[in-house]
Amino acid sequence: MNNKLNVEIRSVTPPEVPAIAALAREIWQATYPGIITQEQIDFMLEQRYGHERLYDDLEDLHKWLDQAFVDGRRIGFAFSEIYKGEFKLDKLYIHPDVQRHGVGGQLIANVAERAKREGYPCVILQVNKRNVNAINSYKKYGFAVRESTVDDIGHGYVMDDYVMEKKL
Ligand SMILES: CC(C)(COP(=O)(O)OP(=O)(O)OC[C@H]1O[C@@H](n2cnc3c(N)ncnc32)[C@H](O)[C@@H]1OP(=O)(O)O)[C@@H](O)C(=O)NCCC(=O)NCCS
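Values in this document were obtained by computation on a predicted structure and should not be read as measured data. Residues take numbers from 1 onward in each chain, read along the sequence in its written order. At least 70 in pLDDT is required for a residue's local features to be given in this predicted model, at least 80 for side-chain atom pairs to be given and counted, and no such filter applies to totals for whole chains, interfaces and linings, which use all residues. Computation of side-chain values covers all heavy atoms of the structure but excludes hydrogens and water.

A.B. asks: Outline the pattern of salt bridges, supporting the account with residue identities and numerical values.
C.D. replies: A side-chain nitrogen of Lys or Arg and a carboxyl oxygen of Asp or Glu constitute a salt bridge if their distance falls within 4 Å. Applying the stated criterion across every chain, the model contains 15 salt bridges. The partner of lysine 63 in a salt bridge is glutamate 81, with the nearest N and O atoms 3.9 Å apart. Residue lysine 63 is found in strand 2 (residues 63-70), and its partner glutamate 81 is found in strand 3 (residues 73-83); the two are separated by 18 residues along the sequence. Residue class for glutamate 81 comes out buried when judged on its relative accessible area of 9%. Across the pair arginine 146 and glutamate 165 runs a salt bridge, and its minimum N-O distance is 2.7 Å. Linking arginine 146 in strand 6 (residues 144-154) with glutamate 165 in strand 7 (residues 157-167), this pair joins segments that are 19 residues apart in sequence. Looking at arginine 146, the relative accessible area reads 35%, which means it is partly exposed. Residue classification places glutamate 165 among the buried residues on the basis of a relative accessible area of 15%. In this text, helices come from DSSP runs of H or I with a minimum length of four residues, and strands from runs of E with a minimum of two, each type numbered from the N-terminal end. Between buried and exposed lies partly exposed: a residue is buried under 20% and exposed over 50% of the maximum accessible area for its type, with that area taken using a 1.4 Å probe on protein chains only.

Structure representation (structure tokens):
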């Protein structure tokens, strides 16, 4: 679908952390079964979206937590960060109800502008090799695969990812 929605993007604040964690769980449950196991989904949600972890992220000067609203409803988020000297789009999740309406594209554009302002030549991201929809959407927004990685994330789990890069 291409009809654009009226999207508002703003920073996450501490009182909104529980809502972001709940939204992440909802979107992950709609995305990752069939790509990774339920056990790995639960492990990664706790690791990345535990409330304490998100409060810490909010205090980190090298991290930006953006959220998107459509008609006042929180429908997605994009987290970006400076990671090993590069500007990284670390998380991008849009609720299934509003996927393919351009919201992801708007959040990517917002992150790319920030990276440019901060003086970085490109934005990178990591995406699961089997997450074909997301890979296609990143290609649509100018990302290309740079390398293939397998990262050990503990407890016997790995992330089997592509690193993608969008030149600015
Ligand atoms: C991937 C994602 C962030 C893209 O955001 P979005 O708002 O849906 O993206 P846009 O509308 O800006 O771009 C849509 C493009 O993404 C791809 N795409 C996104 N969702 C898709 C779906 N459910 N089925 C097929 N293609 C899809 C298509 O290439 C689409 O382009 P098209 O509509 O012109 O064919 C979003 O779909 C999402 O949150 N998906 C689930 C979670 C996820 O995988 N996140 C990325 C983790 S690295």
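Now that the structure has been shown, we can carry on.
A.B. asks: Report on the sheet that holds strand 3, specifying residues and quantitative values.
C.D. replies: The sheet built from seven strands is open, its strands ordered 1-2-3-4-5-7-6 with mixed pairing. Two strands in the sheet have a free side with no partner beyond their single neighbour: strand 1 (7-11) and strand 6. Direction aside, the axes of adjacent strands within the sheet are offset by 30 degrees on average. Bridge count between strand 1 and strand 2: five bridges; the pairing is antiparallel. Counterpart to valine 7 in the pairing with strand 2 is valine 70. Relative to the sheet, helix 3 (residues 51-59) contacts strand 2, strand 3 and strand 4 (86-94), its axis offset from that of strand 2 by approximately 110 degrees. We call two residues contacting when some pair of their heavy atoms lies within 4.5 Å. Fitting a line to C-alpha atoms yields each axis, with helices limited to the stretch in contact; the angle taken between N-to-C directions then spans 0 to 180 degrees. Lying over the sheet, helix 4 (residues 103-117) contacts strand 1, strand 2, strand 3, strand 4, strand 5 (122-128) and strand 7, oriented at roughly 160 degrees with respect to strand 4. Two strands qualify as a pair provided DSSP detects at least 2 bridges between them.

A.B. asks: Got a sec to walk through unusual backbone geometry? Specific residues and values, please.
C.D. replies: Phi at lysine 84 is positive, roughly 50 degrees, even though this residue is not glycine. Relative to the assigned elements, lysine 84 resides in the loop between strand 3 and strand 4.

A.B. asks: Summarise empty space enclosed by the protein; cite the residues concerned and give the values.
C.D. replies: A cavity here means a set of points on a 1 Å grid, drawn over the protein atoms and nothing else, where a 1.4 Å probe fits but cannot get out; a pocket is an open set with protein on both sides within 12 Å along at least five of seven lines, and a residue lines either one if it has an atom within 4 Å of a point. Grid points are joined across faces, edges and corners, and a volume is the space filled by probe spheres set on the points. Enumeration over the complete set of coordinates arrives at one cavity of 30 Å³ or more. Within this model, the largest cavity holds a volume of roughly 50 Å³. In this structure, the largest cavity is lined by Arg53, Asp57, Lys63, Trp64, Leu65, Phe79, Ser80, Glu81, Asp90 and Lys91. For the lining of the largest cavity, the secondary-structure elements that each account for two or more residues are helix 3, strand 2, strand 3 and strand 4.

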